[in-house]
Number of protein chains: 2
Amino acid sequence: MFEVFFSQVKDKVLLSEAEQKLVKTFFSPKKIRKKQYLLQEGNICRHLAFVEKGLLRSYNVDEKGIEHMIHFAWEGWWMADMLSFLSNEPSTYHIDAIEEAELLLISQTDFEEMLLKVPVMERYFRILFQNNIISKERRLISSISNSAEEKYIHLTATNPELIKRIPQQLVASYLGITPETLSRIKKKLTKGV
Amino acid sequence: MFEVFFSQVKDKVLLSEAEQKLVKTFFSPKKIRKKQYLLQEGNICRHLAFVEKGLLRSYNVDEKGIEHMIHFAWEGWWMADMLSFLSNEPSTYHIDAIEEAELLLISQTDFEEMLLKVPVMERYFRILFQNNIISKERRLISSISNSAEEKYIHLTATNPELIKRIPQQLVASYLGITPETLSRIKKKLTKGV
DNA sequence: GTTTAAACTTGATTTATGTCAAGTTGATTT
DNA sequence: AAATCAACTTGACATAAATCAAGTTTAAAC
């Protein structure tokens, strides 16, 4: 159950056998089915979820009822509403499974306790968050700088797996464009080949 | 010189006198004039900069020569190209001073050393990065979900100081819209009052 | 204090993208 | 395999925002 997890963690920091054992105790496994919610708007996000298998998405819904994709997370990625998780405020996000998923959950109090008891995990999350900032910044720059077509090209270059694995309408939402526009962009680009 | 710095750090973690003294040794002060560069595209970002006084901006320039604002940092904020700083790759950003600024700089190696020698600073940066992720996520959601007018209204609500302190054309760029559009939005909104 | 340059505003026009609607393809369920 | 539903495509049209250009205000430089 912890295979993907520890291979990910060991990618960033060194963990002793004892530390691994201790870290394990803070997590509990959970399986969720396709379309099942992990978090619904209005509820407090009480866990960080690590994806061992499957695929999750987080999104919010605006006044017009339109969904806006915030993140996707598959094997080796984390998923949560960090704002709600850290501040204990009700979430404005939904999180659900695009593909049936196996997760490792850690609660708010266990997260804090783990970081204090296993300082190397404090380091792991500092590095993880660092990387997250960098990738968010790139997505943001693309979002404010590029046309719809450029945004799509940029995404295929920086995240080809996402294009392959995520349904097109959700990719469109992730880019902040309509499914129709994305469909036309793809047609235009394949024509050009 | 470290007044703003330690008030910021103490806001997030507890520091002993000894730790404070040690932390100070890793930083060197620097003043830069208005319009002076701290970093230019193509160079490696070798320092994190903490702003004690003044105002910095980071931006990139696209093929058409258009500047896209990435961040602003005034008293109490950090500035860097994190990607370049962490990976040692040449930066794609420019960083310069909008207002004359007093900075505290820490180098890549000193940063790593400080985090290892003063674990509470590891914690500080984990928390700092956490908060950064949340604010970037909000900006991103607004960017992909909202119209130009809604983006501007959202910014006035979440970051009123930015609107007051940053020249309008830079605010427009920060929002990913043209100065003309921002000017028209402001006119429309003041009319409505 | 006058000159010069930069920032901001306003108007006319163009363009990219959104919206609405209908059709097609593909997937899921019975 | 047929039926049902959702995903994707395509076309016609509407609209928000960009572009281009001129004017005005404000700030900087001499």
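Structure's up top.
This text gives an overview of the structure that appears in the document. On a predicted model such as this, the values are computed, not experimentally measured, just so you know. (Residues numbered from 1 in each chain as written. Chains lettered and ligands numbered in written order. Predicted model: local features only at pLDDT ≥ 70, side-chain atom pairs only at ≥ 80, totals over all residues. Heavy atoms only, no water.)

**Section: the protein's contact with DNA strand C**
Around DNA strand C, the surrounding shell holds 14 residues, and the nearest of these are Ala148(A), Thr181(A), Ser183(B), Arg184(B) and Lys187(B). Per the 4 Å cut-off to the protein, sugar and phosphate atoms form 66% of the nearby atoms of DNA strand C. Thr178(A) places a polar side-chain atom, nitrogen or oxygen, 3.1 Å from a phosphate oxygen of DNA strand C. In this structure, a base nitrogen belonging to DNA strand C sits 2.6 Å away from a side-chain N or O atom of Arg184(B). Sorting the residues of the surface near DNA strand C by element identifies helix H9 (179-191) of chain A together with helix H8 (168-175) and helix H9 (179-191) of chain B as the ones contributing at least two each. At 4 residues, the largest contribution of residues to the surface near DNA strand C is made by H9(B). (Near = heavy atom within 4 Å. Polar contact = N/O pair within 3.5 Å; in protein donor to acceptor, adjacent residues only side chain to side chain. Helix = DSSP H or I, 4+ residues; strand = E, 2+ residues; numbered from the N terminus.)

**Some details on the nonpolar core**
Core analysis: the biggest nonpolar cluster contains 86 residues, and Phe5(A), Met114(A), Phe125(A), Phe5(B), Met114(B) and Phe125(B) have the highest contact counts within it. With residues near it in sequence (within four places) discarded, Phe125(B) still touches Arg126(A), Leu48(B), Trp78(B), Phe111(B), Met114(B) and Leu115(B). (Core = buried A, V, L, I, M, F, W, Y, C linked by side-chain atoms within 4.5 Å. Buried < 20%, exposed > 50% of the residue type's maximum accessible area, 1.4 Å probe, protein only. Contact = heavy atoms within 4.5 Å.)

**Some details on the protein's contact with DNA strand D**
Taken together, the neighbourhood of DNA strand D is formed by 15 residues, with Ser183(A), Arg184(A), Ala148(B), Thr178(B) and Thr181(B) sitting nearest. Taken together, the sugar and phosphate atoms account for 68% of what DNA strand D places within 4 Å of the protein. One nitrogen or oxygen atom from the side chain of Gln168(A) is found 3.1 Å from a phosphate oxygen belonging to DNA strand D. Ser183(A) places a polar side-chain atom, nitrogen or oxygen, 2.8 Å from a phosphate oxygen of DNA strand D. Taken together, the elements giving at least two residues each to the surface near DNA strand D come down to helix H8 (168-175) and H9 of chain A together with H9 of chain B. With 4 residues, the top contributor of residues to the surface near DNA strand D is H9(A).

**A closer look at the packing of aromatic side chains**
Residue and element names in this part refer to chain A. The full count for this structure, using the stated rule, is 30 aromatic pairs over all chains. When the centroid spacing of 5.7 Å and the interplanar angle of 50 degrees are considered together, the rings of Phe-125 and Phe-129 count as tilted. Of the two residues, Phe-125 and Phe-129 both sit in helix H5 (residues 119-145), 4 residues apart, roughly one turn of that helix. Each member of the pair, Phe-125 together with Phe-129, is buried. (Phe/Tyr/Trp six-rings, centres within 6.5 Å; stacked < 30°, edge-to-face > 60°.)

**Some remarks on the relation of the copies chain A and chain B**
The operation relating chain A to chain B is a screw motion whose rotation component is 180 degrees, with 0.0 Å of axial translation and a residual RMSD of 0.0 Å. This pairing of chains is accounted for by a two-fold axis. When C-alpha positions in chain A are compared against the rotation axis, the closest is assigned to Arg126(A), at 2.1 Å. The overlap is high: 100% of the interface residues of chain A also sit at the interface in chain B, so the same surface is used on both sides. (Least-squares fit on C-alpha atoms with pLDDT ≥ 70 in both.)

**Some remarks on the interface of chain A and chain B**
One frequently used descriptor of interface size is the decrease in accessible area upon assembly of the parts. In this complex, chain A contributes 37 residues to the contact, which on the side of chain B involves 37 residues. The contact between chain A and chain B buries some 3400 Å² in all, and 62% of this surface belongs to carbon and sulfur atoms. It is Arg126(A), Ile133(A) and Ile144(A) that lose the most area in chain A upon contact with chain B, and together they represent 19% of the buried surface on that side. For the salt bridge of Glu112(A) with Arg123(B), the shortest nitrogen-to-oxygen distance reads 2.9 Å. (Buried area = accessible area lost by both parts, 1.4 Å probe. Salt bridge = Lys/Arg side-chain N within 4 Å of Asp/Glu carboxyl O.)

**Details of the packing of helix H1 (residues 3-12) of chain A against H5(A)**
All names here are of chain A. Running from amino to carboxyl end, H1 crosses H5 at an angle of 85 degrees, the nearest separation of the two axes being 9 Å. In this view, H1 runs roughly perpendicular relative to H5, as classed from their interaxial angle. Every residue of H5 that contacts H1 at Phe-5, Gln-8, Val-9 and Lys-12 is listed here: Met-121, Tyr-124, Ile-127, Leu-128 and Asn-131. Taken together, the residues that form the contact of H1 with H5 break down as 6 nonpolar, 2 polar and 1 charged. (Axes fitted to C-alpha atoms, helices over the stretch in contact; angles between N-to-C directions. Parallel < 35°, antiparallel > 145°, perpendicular 65-115°, else oblique. Nonpolar A, V, L, I, M, F, W, Y, C, P; charged D, E, K, R; others polar.)

**Quick word on helix H4 (residues 108-117) of chain B**
Inspection of H4(B) places Gln108(B), Phe111(B), Met114(B) and Leu115(B) among the buried residues, and these make up the whole buried set. Taken around the axis of H4(B), the buried residues stretch over an arc of 130 degrees, which confines them to a single face. Summarising the geometry of H4(B), the exposed residues directed more than 90 degrees from the buried face are Thr109(B), Leu116(B) and Lys117(B). If you follow the buried residues of H4(B), they end up packed against H5 of chain A together with helix H2 (17-25), strand S3 (47-61), helix H3 (82-87), strand S6 (94-107) and helix H5 (119-145) of chain B. (Arc of directions from axis to C-beta.)

**Some words on the pattern of salt bridges**
Residue and element names in this part refer to chain A. Evaluated as defined, the whole model comprises 26 salt bridges over all chains. Arg-57 serves as the salt-bridge partner of Asp-96, at 2.8 Å between the closest nitrogen and oxygen. Of this pair, Asp-96 sits in strand S6 (residues 94-107) while Arg-57 is found in strand S3 (residues 47-61), placing the two residues 39 residues apart along the sequence. A single salt-bridge network, built from bridges that share partners, covers Glu-75, Glu-99, Glu-161 and Arg-165.

**A look at the packing of helix H6 (residues 148-158) of chain A against H8(A)**
Think of two packed helices as two axes; the pair is described by the angle between the axes and how far apart they sit. Residue and element names in this part refer to chain A. At their nearest, the axes of H6 and H8 sit 10 Å apart, and the two run at 110 degrees to each other. Comparing the axis directions of H6 and H8 gives the class roughly perpendicular. Crossing geometry of H6 relative to H8 is assigned as right-handed. Contact with H6, carried on its side by Lys-151, Tyr-152 and Leu-155, involves Val-171, Tyr-174 and Leu-175 of H8 and no other residues of that element. A breakdown of the residues in the contact of H6 with H8 according to their chemical character gives 5 nonpolar, no polar and 1 charged. (Left-handed = near helix turned anticlockwise from the far one by under 90°.)

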